Amino acid sequence: MFITNYISTVYKTIRSLLKGMKLTGYYFLHPREIETEEYPDNRATLTMADRFRGEVIMPHNEANEHRCTGCQACEIACPNGTIKIITKQEIQLDGKKKKRIDTFVYRLDLCTFCNLCIVACPSDAIIMGQNFEHSVYDKKQLKKVLNKPDSKLMEGVE
Amino acid sequence: MLTVNVILGVSLIAFLVVLCFFLGYMERKVAAFMQVRLGPNRVGPKGSLQIVADTIKLLFKEGLTPDSSDRFLFNIAPFIVVVTSMLVVAPIAFAKDFQLYDIHIGVLYVSSISSMGVIGILVAGWSSNNKYSLMGAMRSGAQIVSYELSVGLSLISIVVLTGSLNLNEIVLSQQNGWWLFKGHIPVMIAFVIFIIASTAELNRAPFDLAEAEQELTAGFHTEYSGMKFAMFLLSEYINLFVVSAIAATIFLGGWMPFHLGTWEAFNHVMDYIPSVLWFFGKTFFIIFIIMWFRWTFPRLRIDQLLNLEWKYLLPISMINLILVTVMAIMNWHF
């Protein structure tokens, strides 16, 4: 009993080790399997995955309109105070006053890319961008205003 | 005569340093390809000058000696390690009729000197006055004391077959075929045990308990920096070369070309390939296998390491030695 156990242990061990060596040997002989991207060289053709979270951006259309209603759901959802929304009262054509955003402040240096603001947004105003080259010499540049100057709320978004 | 010897010695050291550069590059490339990476590819063509760049970096580093260390021992430990690993190269036959030190107890010399390297490691660990260094050094001691047995027993099995401790005679006895093929299964088992046990003696992964990056930062050379650190690295690669060269000499016929018994034509064709190429081809084949081990297998814990030696390798190699002896007496080998 002891001897059979002993021999089967040795056999199983050698078998599993050879299995591992077969895999690494396969990779060694097949350089095409290499996954490495030589980043600064392939910058022109580099494409990130759709799910990649580079930074929070607010898309604007050609008429310089965004979809942000200033509901501040993202500001509440953010776990570490990355987003700060300053609102203003705007007088509409029909004379009514409505709440609109003045500045959408996004602090990249605080952001953990947790995606909670994007999930919280009821009108899909903000999305995750693909850009990841964020290094700057002054950290003030990491404090960004996402809505473009003179942009307006898109028609029909409430 | 003395000048010739000095020139030979210095050129051997220079050769070993260049060889270590190459082995360092080879290791990084092999590791990269096995891990589906590219490896160094920025300095020089295909990254081949990366090791030179690393050496220049190490030259400019401060050679720090810790305050509360034993200064004399701390500074001498790297030299002990390098000198012992270089001494072992002496009796190896690099090519036909080219051997620096033809000694008639070559196998004994090699196995005794190579086990002296652990003294340097113990001194390094002890004099650093650092608990990680000491633990690494002690583990290395336990490891080498245990695995030396299996290495010795598997070397003895070939000594039994040839009846000589002289490395040159062992090579010449493989004129009609290498021992790995002439000696049937018992010699193959001895070869496998030799490779496993000598990987352990080299303190390389999967048996890298002396260094143990994961739990002991860098083990016995935690406190070393600059060129003293480079010395340990150098001796590690020289040891790798030495172990592979010994395995190639003992089991794969050293510089002896691949001969098949009585096939005269085939043997003549094989003789045209220079013997130095045969030697380095076999050596690098074994170096590659040891690197393959390193980048495939998971690391062992210290108790698993000692289990493997005392419960598996040692009993198997003892029984194997008896088999080889019976084979030698009954003349069952070719």
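Residues numbered from 1 in each chain as written. Chains lettered and ligands numbered in written order. Predicted model: local features only at pLDDT ≥ 70, side-chain atom pairs only at ≥ 80, totals over all residues.

Caption draft 1: Geometry of the overall build of chain A. Per the secondary structure count, chain A includes 3 helices and 7 strands. Secondary structure elements in chain A, listed N-terminal to C-terminal, are α-β-β-α-β-β-α-β-β-β. Its C-alpha atoms give chain A a radius of gyration of 27 Å, clearly above 15 Å, the size a compact globule of 158 residues would have. Evaluated residue by residue, chain A yields a buried proportion of 13% over its 158 residues. (Helix = DSSP H or I, 4+ residues; strand = E, 2+ residues; numbered from the N terminus. Rg over C-alpha atoms; globule rule 2.2 N^0.38 Å. Buried ≥ 20, exposed ≤ 12 C-beta atoms within 10 Å, placed from the backbone.)

Caption draft 2: How the structure looks around the overall build of chain B. Assigned secondary structure in chain B consists of 14 helices and 2 strands. For 334 residues, the compact-globule estimate of 2.2 N^0.38 gives 20 Å, and the C-alpha radius of gyration of chain B, at 20 Å, lies within 12% of that figure. Counting only C-alpha atoms, chain B reaches 65 × 50 × 45 Å along its principal axes. A buried classification covers 43% of the 334 residues belonging to chain B. When contacts within chain B are restricted to residue pairs at least 6 apart in sequence, those whose partners lie at least 24 apart make up 78%. (Contact = placed C-beta atoms within 7 Å.)

Caption draft 3: Representation of the domain arrangement of chain A in the model. For chain A, the assigned domains read domain 1 (2-33) and domain 2 (55-153). Here the C-alpha centroids of domain 1 of chain A and domain 2 of chain A sit 55 Å apart. (Domains from an automatic or database assignment.)

Caption draft 4: Structural view of the interface of chain A and chain B. Contacts between chain A and chain B engage 13 residues on the former and 11 residues on the latter. Looking at the side of chain A that touches chain B residue by residue, the class counts come to 7 nonpolar, 4 polar and 2 charged. (Nonpolar A, V, L, I, M, F, W, Y, C, P; charged D, E, K, R; others polar.)

Caption draft 5: Main features of the domain arrangement of chain B. Per the domain assignment, the segments making up chain B are domain 1 (1-55) and domain 2 (61-330). With 13 residues, the single largest contributor to the side of domain 1 of chain B that touches domain 2 of chain B is helix 1 (residues 2-34) of chain B.

Caption draft 6: Representation of the sheet that holds strand 4 (residues 97-107) of chain A within the structure. Residues and elements named next belong to chain A. With respect to topology, 3 strands assemble into an open sheet ordered 3-4-6, the strand pairing being antiparallel. The two strands at the open ends of the sheet, each matched to only one other strand, are strand 3 (83-91) and strand 6 (143-145). When the angles between neighbouring strand axes are averaged without regard to direction, this sheet yields 25 degrees. With 3 bridges connecting them, strand 4 and strand 6 associate as antiparallel partners. (Pairing = 2+ DSSP bridges. Axes fitted to C-alpha atoms, helices over the stretch in contact; angles between N-to-C directions.)

Caption draft 7: Structural view of the pairing of strand 4 of chain A. Residues and elements named next belong to chain A. With 9 bridges joining them, strand 3 and strand 4 adopt antiparallel strand pairing. Looking across to strand 4, one finds that K84 is bridged to V105. If you look at the hairpin formed by strand 3 and strand 4, you'll find 5 residues sitting between the two strands, and G95 has a positive phi there, around 90 degrees.

Caption draft 8: View of helix 1 (residues 2-29) of chain A. If you check helix 1 of chain A, its first and last C-alpha atoms are 40 Å apart, about what 28 residues at 1.5 Å a residue would give, namely 40 Å. Buried residues are scarce in helix 1 of chain A, accounting for 2 of its 28 residues. (Expected span 1.5 Å × (residues − 1).)

Caption draft 9: Inspection of the nonpolar core at higher detail. Judged by nonpolar contacts, the single largest core of 84 residues is most densely connected at B:I121, B:F194, B:A197, B:F241, B:V242, B:A247 and B:F251. Among the elements that line this core, the one with the most residues is helix 11 (residues 226-251) of chain B, at 16 residues. Lining this core are residues from two domains, each supplying at least three of them: domain 1 (1-55) and domain 2 (61-330) of chain B. Leave out the neighbours within four places in its chain, and B:V242 touches B:S85, B:V88, B:V89 and B:S114. A:V56, A:F104, A:Y106 and A:A125 belong to the second-largest nonpolar core, a separate cluster that totals 13 residues. (Core = buried A, V, L, I, M, F, W, Y, C linked by C-beta atoms within 7 Å.)

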